[in-house]
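# Secondary and tertiary structure notes
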Amino acid sequence: MICTNISASSLHTSTMSDLFKSSSSAQPQDMLARKEAVMNSVRSELALANAQELINKTNEKCYLKCVTKPGTSLSSSEQTCLERCLGRYMDAFNICSRTYIARVSREREDAQV
Amino acid sequence: MSDKFDDATQKELQSFLEKEQAQARLHATIFNLTSVCWDKCITGTPSTRFSRGEESCLANCVERFLDTSLFMVQKIEEQRSLSGGS
């Protein structure tokens, strides 16, 4: 569930300001459409924020790990390292996610008993 | 004011936003944990997959980080009650 948030597949760029413009004719149908528009906008804003977060973080972490002595261009071994690093960072995210969620639900169960 | 949402829609949007916010907070927490535990556990050059040691280190790292958080809260509470509690 969490992992789907970081996939960059659902990235539309719509601006929040578009949604809060007032429309002169407001029928129920129109309101329904605007509600959907607000929800979709929030979803895509969050997806975009998540993707940006992930890009910034992996850039920082993998640069530190893989490009230890910056040359005139990225060497092929640096590129291989970066590619693997990106994959492992996603793996690490998923492991942390799984562990954290398991822990939280375990503690919630304990609190209920 | 005909362009406003009706009460039911406003309620629906409110609970939608609360859900999304909770989701975002959860995501931010996990994101932060990943960053901390990556630095702790992944010391070598990344290979095509994690070693068993790295995998269990990440899981342990998350668990112990949360234990630490609870421990700190507990100790601070103790200190507060020792110092008079006023």
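First, a word on scope: everything that follows refers to the structure included in this document. (Residues numbered from 1 in each chain as written. Chains lettered and ligands numbered in written order. Predicted model: local features only at pLDDT ≥ 70, side-chain atom pairs only at ≥ 80, totals over all residues. Heavy atoms only, no water.)

This paragraph deals with the overall build of chain B. The number of helices and strands found in chain B is 2 helices and 0 strands. Taken as a whole, chain B presents about 6000 Å² of accessible surface, with 54% of it coming from carbon and sulfur. (Helix = DSSP H or I, 4+ residues; strand = E, 2+ residues; numbered from the N terminus. Areas by Shrake-Rupley, 256 points an atom, 1.4 Å probe, with all protein chains shown as cover.)

With that settled, consider the nonpolar core. Tyr100 of chain A together with Cys37, Trp38, Ile42, Phe50, Leu58 and Val62 of chain B are the most contacted members of the largest nonpolar core, which totals 24 residues. Among the secondary structure elements, those contributing two or more residues to this core are helix 2 (28-66) and helix 3 (76-112) of chain A together with helix 1 (7-41) and helix 2 (52-82) of chain B. The element that contributes the greatest number of residues to this core is helix 3 of chain A, accounting for 8 residues. Listed in part, the 7 residues of the second largest apolar core include Met39 of chain A together with Phe5, Leu13 and Phe16 of chain B. (Core = buried A, V, L, I, M, F, W, Y, C linked by side-chain atoms within 4.5 Å. Buried < 20%, exposed > 50% of the residue type's maximum accessible area, 1.4 Å probe, protein only.)

This part is about the packing of aromatic side chains. One pass over the full model with this rule turns up 2 aromatic pairs over all chains. Above the ring of Phe5 of chain B, the side-chain terminus of Arg34 of chain A is found at 4.8 Å from the ring centroid. When the ring centre of Phe50 of chain B is taken as reference, the NZ or CZ atom of Arg88 of chain A above it lies at 5.9 Å. (Phe/Tyr/Trp six-rings, centres within 6.5 Å; stacked < 30°, edge-to-face > 60°. Lys NZ or Arg CZ within 6 Å of the ring centre and 35° of its normal.)

Residue-level contacts link 41 residues of chain B with 38 residues of chain A. Together, the buried faces of chain B and chain A total about 3800 Å²; carbon and sulfur atoms form 70% of this surface. Across the chain B-chain A interface, the total number found is 5 salt bridges. The closest approach of N and O atoms between Arg103 of chain A and Asp67 of chain B, which form a salt bridge, is 2.6 Å. Our enumeration of links across chain B and chain A arrives at 12 residue pairs in polar contact (both at pLDDT 80 or more). (Contact = heavy atoms within 4.5 Å. Buried area = accessible area lost by both parts, 1.4 Å probe. Salt bridge = Lys/Arg side-chain N within 4 Å of Asp/Glu carboxyl O. Polar contact = N/O pair within 3.5 Å; in protein donor to acceptor, adjacent residues only side chain to side chain.)

All names here are of chain A. For the pair helix 2 and helix 3, interaxial distance at closest approach is 9 Å and the crossing angle is 130°. In terms of orientation, helix 2 lies oblique with respect to helix 3. Seen from above, helix 2 lies across helix 3 with right-handed handedness. Of the residues in helix 3, those in contact with Leu54, Lys57, Thr58, Lys61, Cys62, Tyr63 and Cys66 of helix 2 are Glu78, Cys81, Leu82, Cys85, Leu86, Tyr89 and Met90. For the contact of helix 2 with helix 3, a count of residues per class yields 10 nonpolar, 1 polar and 3 charged. (Axes fitted to C-alpha atoms, helices over the stretch in contact; angles between N-to-C directions. Parallel < 35°, antiparallel > 145°, perpendicular 65-115°, else oblique. Left-handed = near helix turned anticlockwise from the far one by under 90°. Nonpolar A, V, L, I, M, F, W, Y, C, P; charged D, E, K, R; others polar.)

Another point: the state of the cysteines. Note on terminology: disulfide describes a covalent bond linking the sulfur atoms of two cysteines. Residue and element names in this part refer to chain B. In this structure the tally under the stated criterion is 4 disulfides over all chains. Covalently, Cys37 is tied to Cys61 through a disulfide, its sulfur atoms 1.9 Å apart. In this structure the cystine formed by Cys37 and Cys61 twists about its S-S bond by roughly -85°; its chirality is therefore left-handed. Remark: Cys61 occurs in helix 2 and Cys37 occurs in helix 1; sequence separation between them is 24 residues. Both residues of the pair, Cys37 and Cys61, belong to the buried class. Note that Cys41 is cross-linked by a disulfide to Cys57, the S-S spacing being 2.0 Å. Looking down the S-S bond of the Cys41 and Cys57 bridge, the torsion is -75°, so its handedness is left-handed. In this pair, Cys41 is assigned in helix 1 and Cys57 in helix 2, connecting sequence segments 16 residues apart. The exposure class assigned to Cys41 is buried, which follows from its relative accessible area of 7%. (Disulfide = S-S within 2.5 Å.)

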